[in-house]
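Residues per chain, in single letters:
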Amino acid sequence: MGDDSKEHIDIVYTFTKEKLEEFKDMSVRQRLQWLEEANLFINKTIGFKKRAITDARFEGLE
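Bear in mind the structure is a predicted one, so any value in this text is a computation, not a measurement. In this convention, every chain numbers its residues from 1, walking through the sequence in written order. Residue-level local features of this predicted model are given only where pLDDT is at least 70; pairs of side-chain atoms are given and counted only at 80 or more, and the full residue set underlies all totals for whole chains, interfaces and linings. Only hydrogens and water are set aside; all other atoms, that is, all heavy atoms of the structure, feed into the side-chain values.

Enquirer: When you look at the overall build of the chain in this model, what are you seeing that I'm missing?
Expert: Counting from the N terminus, the helices are DSSP H or I runs at least four residues long and the strands are E runs at least two residues long. Assigned secondary structure in the chain consists of 2 helices and 0 strands. The buried label goes to any residue with under 20% of its type's maximum accessible area, the exposed label to any with over 50%, and the partly exposed label to all in between, with areas taken from a 1.4 Å probe on protein chains only. Per-residue burial for the chain yields a buried fraction of 13% across its 62 residues. Contacts were defined at the residue level, with two residues in contact if any of their heavy atoms lie within 4.5 Å. In the chain, the proportion of contacts linking residues at least 24 apart, taken out of those at least 6 apart, comes to 33%. Here the accessible surface of atoms and residues is derived via Shrake-Rupley with a 1.4 Å probe, and residues count as covered only by protein chains that are part of the display. For the chain, the accessible area works out to roughly 6,000 Å², and carbon and sulfur atoms hold 56% of it.

The structure is reproduced here in structure tokens:
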């Protein structure tokens, strides 16, 4: 890699069987709401700059 390139870190999220069962019982609308709330929380907590380290879609956002 060149000096000016950024290395992305791959992150894998795992869920317990219980959490997967909980998601299974949620409606599509509830799942989407959960994902949107989690995304908002992550963005507010670590910000776009740090999030870009693990997700290239957030590069250049601040």
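Now, onward.
Enquirer: What's the story with helix α2 (residues 28-54) in this structure? I'm lost.
Expert: Counting along an α-helix, one turn takes 3.6 residues, and residues three or four places apart therefore face a common direction. To estimate how far a helix should reach, multiply one less than its number of residues by 1.5 Å. Taking 1.5 Å of rise per residue, the 27 residues of α2 would be expected to cover 39 Å, yet its terminal C-alpha atoms sit only 26 Å apart, more than 12% below that figure. At Gly 47, α2 shows its largest kink, close to 100°. Within α2, burial applies to Asn 43, Gly 47, Arg 51 and Ala 52. Two axes enter the bend calculation: one fitted to the seven residues ending at the residue in question, the other to the seven starting there, and the bend is the angle between them.

These figures capture arrangement, not role.
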